[in-house]
Amino acid sequence: MLMIDPKQLDRAIWGKQENKLPTMQSIKFPVKVHSALGWLAAQSDMYKGYWQDREGEKVCYLGALIKITSLSDISSYLAQYPEQRFYGGVTFDQTQPQWPGFPACQFILPQIELRLNDDEQWLYIHNWQSMSAEQRIATLKSLRSETKLRWQSPQFKLVAQHPSQPMWHSLVNSVTQADALKACPKVVLARQSIYQANEHINALALLEQWQQLQPDNYAFYLSNQPDQSFFGVPPERLYQRLGQSLATEALAGTGQSSEQQHTRAKLGQKLLHDTKNNHENQFVADAIYQALTSMSQNIQIAPMQLVEQRHLQHLCQKITAQLHPHTTDTDLLTALHPTPAVAGLPRVKAQHYLAEHEPFDRGWYAGAVGFISQKKSDFTVAIRCAHQNQQQLSVYAGAGIVKGSEAQSEWQELQRKSATIQGLLNV
Ligand SMILES: C=C(O[C@H]1C=CC=C(C(=O)O)[C@@H]1O)C(=O)O
């Protein structure tokens, strides 16, 4: 798999070794890989992750040289390791019970990264300088050639839905009572659908298929132990920061789509002019604007546009800003996450309502997933996702509930949001 000139490799292995982690030195080799996820599937590390942005970069990462479990520690690690990326994120609500094996906050500086884009493919090995020649050889030898992923769906059976449809109706009705709307004009209710498979679930093969159906979305995979993973193909950007330039978006408000271009365009126009959906989106755009005013300047909001997905369309307002110097990723994550696209408004009240009434633990569903580095950070909102625990797969979907929302049509919206993965599960 490694296309490295043997002389170059020899020099790399036997080259200078300085035992000092804080000035971590990395080495990179050009490689040739057909399927990033196929490569990841072949590796045996306990910590495995995948990250695909909307510009076409794909990253597989392995191992954990450093693990950060608190947002407040991020800045000091970035100062110490200015060249490195830390992958991971935070859950929807860090004050609530979390999924076993998935901490509330986790960022990893991996030992190995495979970074692919349209022009280049590089394998990075971090902390190379402090390894002995034997450790270097062992690390290179531990890397396996990619496997060919083939998604052959086991038989899946829906074993539970939280909330059930009747409970969904009563939750939507309670959120849309006049008094409740006064306190919380928007609450994003969600559903966990639990499927039991009759055999092992190859989550990476499933993700590969899913990602190919929605190639312009983000895609991610997180796994801290064998046979447990969280993965998804979300359309929503939380934020991308390049130096001090910030790009974010209000993605909320959903309408139907169609395979026929003409009908899709008509449905899109209907959505663009729909009052309830425009409100739903504007709540998010206003909250982002407010969050950014104290930490940035030159905030620009582009006109409302459509984002097409396979079974639905969304309203979206793209937002850009110039961050004040010294604004950190911890500031941004704290201010922007979770947006009213996944929590509601006001945020804390909506989160309290969900903690009290939603009949499942959101864990990493609707969390912030991505990476942080000094130069660049990029986060998606973890929606259109699934949590695999051995032979069980939980699929999550949510819908913003505002004045005028109807329980039945919001339930159908959940179905449409889950339709792509459900199609792959044959359920
Ligand atoms: C919370 C989800 O979607 C959000 C993002 C886009 C549109 C949404 C909506 O129209 O309700 C939601 O706010 C989800 O897919 O689980």
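This is a predicted model, so every value here is computed, not measured.

A.B. asks: For empty space enclosed by the protein, give the residues involved together with the corresponding values.
C.D. replies: In total, this model carries 5 cavities of 30 Å³ or more according to the counting rule given. Its boundaries defined by the atoms lining it, the largest cavity holds a volume of some 180 Å³. If you go around the largest cavity, you meet 21 residues; those closest to its centre are Ala341, Ile383, Arg384, Gly398 and Lys417. Within the residue set of the lining of the largest cavity, elements represented by two or more residues are β10 (186-197), β14 (245-256), β22 (392-401) and α12 (407-425). When residues of the lining of the largest cavity are assigned to their parent elements, the largest contribution, 5 residues, is made by β22. As a volume, the second largest cavity reaches approximately 120 Å³. In this structure, the second largest cavity is lined by 16 residues; those nearest its centre are Gln106, Ile108, Leu222, Ser223 and Asn224. Within the residue set of the lining of the second largest cavity, elements represented by two or more residues are β2 (48-52), β5 (86-90), β6 (105-109) and β11 (219-225). Looking at the lining of the second largest cavity, the element that brings in the most residues is β11, giving 3 residues.

A.B. asks: I'd like a rundown of the nonpolar core, residues and numbers included.
C.D. replies: In this structure, Phe107, Trp168, Leu189, Phe230, Leu292 and Leu333 are the most contacted members of the largest nonpolar core, which totals 75 residues. Looking at which element gives the most residues to this core, the answer is helix α9 (residues 275-293), with 5 residues. For this core, the domains that each give at least three residues are domain 1 (6-142) and domain 2 (156-217 + 236-425). Residues Val31, Ala197, Trp210 and Ala219 belong to the second largest nonpolar core, which totals 46 residues.

A.B. asks: Which residues make up the layout of surface pockets, and what are the values?
C.D. replies: As a volume, the largest pocket reaches approximately 420 Å³. Around the largest pocket sit 16 residues that line it, and Thr254, Gly255, Lys270, Asn277 and Arg416 are the ones nearest its centre. Mapped by element, the contributors of at least two residues to the lining of the largest pocket are β14, α8 (261-272), α9 and α12. By residue number, the principal contributor to the lining of the largest pocket is α12, which donates 5 residues. When grouped by side-chain class, the residues that make up the lining of the largest pocket number 2 nonpolar, 7 polar and 7 charged.

A.B. asks: Break down the domain arrangement of the protein for me, with residues and values.
C.D. replies: Here the protein is partitioned into domain 1 (6-142) and domain 2 (156-217 + 236-425). A C-alpha centroid distance of 28 Å is found between domain 1 and domain 2. Taken together, the contact between domain 1 and domain 2 spans 37 residues of the former and 44 residues of the latter. Both faces combined, the contact of domain 1 with domain 2 buries some 3,300 Å², and carbon together with sulfur accounts for 60% of it.

A.B. asks: Please provide a residue-by-residue account of α12, values included.
C.D. replies: The end-to-end C-alpha distance of α12 is 26 Å, a good match for the 27 Å that 19 residues give at a rise of 1.5 Å each. Of all the bends in α12, the largest measures some 55° and sits at Ala419. Within α12, burial applies to Ala407, Glu410, Trp411, Glu413, Leu414, Lys417, Ser418, Thr420, Ile421, Gln422, Leu424 and Leu425. Just downstream of α12, Asn426 is the residue with a positive phi angle, here 55°.

A.B. asks: A description of the pairing of strand β20 (residues 376-381) should follow, citing residues and the corresponding values.
C.D. replies: Counting buried residues along β20, 6 of its 6 residues qualify, which places the element largely inside the surrounding structure. Neither face of β20 is open: one carries Lys376, Asp378 and Thr380, the other Ser377, Phe379 and Val381, and all of them are buried. Taken together, the 5 bridges between strand β13 (residues 237-242) and β20 define a ladder with antiparallel strand orientation. Bridging across to β20, Arg241 finds its partner in Ser377. In this sheet, β20 lies alongside strand β19 (residues 368-372) in antiparallel orientation, the contact comprising 5 bridges. The residue bridging Ile372 from the neighbouring strand is Ser377, located in β20. If you look at the hairpin formed by β19 and β20, you'll find 3 residues sitting between the two strands.

A.B. asks: Residue-level account of the packing of aromatic side chains, with values.
C.D. replies: Taken as a whole and assessed by the stated rule, the structure comprises 17 aromatic pairs. Their ring planes at 55° and their centres at 6.2 Å tell us that Tyr77 and Phe86 sit as a pair that is tilted. The class for Tyr77 is partly exposed, based on a relative accessible area of 24%. Ring plane angle 35° and centroid distance 6.5 Å describe the contact between Tyr221 and Phe231, whose orientation is recorded as tilted. Highlighted residues: Tyr221 in strand β11 and Phe231 in strand β12 (residues 228-232), separated in sequence by 10 residues. Residue classification places Tyr221 among the buried positions, given a relative accessible area of 7%. One aromatic cluster is present, built from ring pairs that chain together Trp99, Phe102, Phe220, Phe230, Phe360, Tyr365 and Tyr396.

A.B. asks: Just give me the short version of the pattern of salt bridges, but keep the residues and values in it.
C.D. replies: When the charged atoms of two side chains lie near each other, side chains of opposite charge can form a pair. Across all of its chains, the model carries 12 salt bridges by this definition. Of the charged contacts in the structure, one is a salt bridge between Glu280 and Lys276, with a shortest N-O distance of 3.3 Å. Here Glu280 pairs with Lys276, and both are found in helix α9, just 4 residues apart, close to one helical turn. The exposure classification of Glu280 matches that of Lys276, with both residues buried. With a closest N to O distance of 2.7 Å, Glu358 and Arg362 form a salt bridge. Here Arg362 falls in the buried class, since its relative accessible area comes to 5%. It is possible to trace a salt-bridge network through shared partners that takes in Arg54, Glu249 and Lys318.

About the cut-offs
Residues numbered from 1 in each chain as written. Predicted model: local features only at pLDDT ≥ 70, side-chain atom pairs only at ≥ 80, totals over all residues. Heavy atoms only, no water. 1 Å grid on protein atoms, 1.4 Å probe; cavity = no way out; pocket = protein on both sides within 12 Å on 5 of 7 lines; lining within 4 Å. Points joined across faces, edges and corners; volume = space filled by probe spheres on them. Helix = DSSP H or I, 4+ residues; strand = E, 2+ residues; numbered from the N terminus. Core = buried A, V, L, I, M, F, W, Y, C linked by side-chain atoms within 4.5 Å. Buried < 20%, exposed > 50% of the residue type's maximum accessible area, 1.4 Å probe, protein only. Domains from an automatic or database assignment. Nonpolar A, V, L, I, M, F, W, Y, C, P; charged D, E, K, R; others polar. Contact = heavy atoms within 4.5 Å. Buried area = accessible area lost by both parts, 1.4 Å probe. Expected span 1.5 Å × (residues − 1). Bend = angle between axes of the 7 residues up to and from the residue. Pairing = 2+ DSSP bridges. Phe/Tyr/Trp six-rings, centres within 6.5 Å; stacked < 30°, edge-to-face > 60°. Salt bridge = Lys/Arg side-chain N within 4 Å of Asp/Glu carboxyl O.

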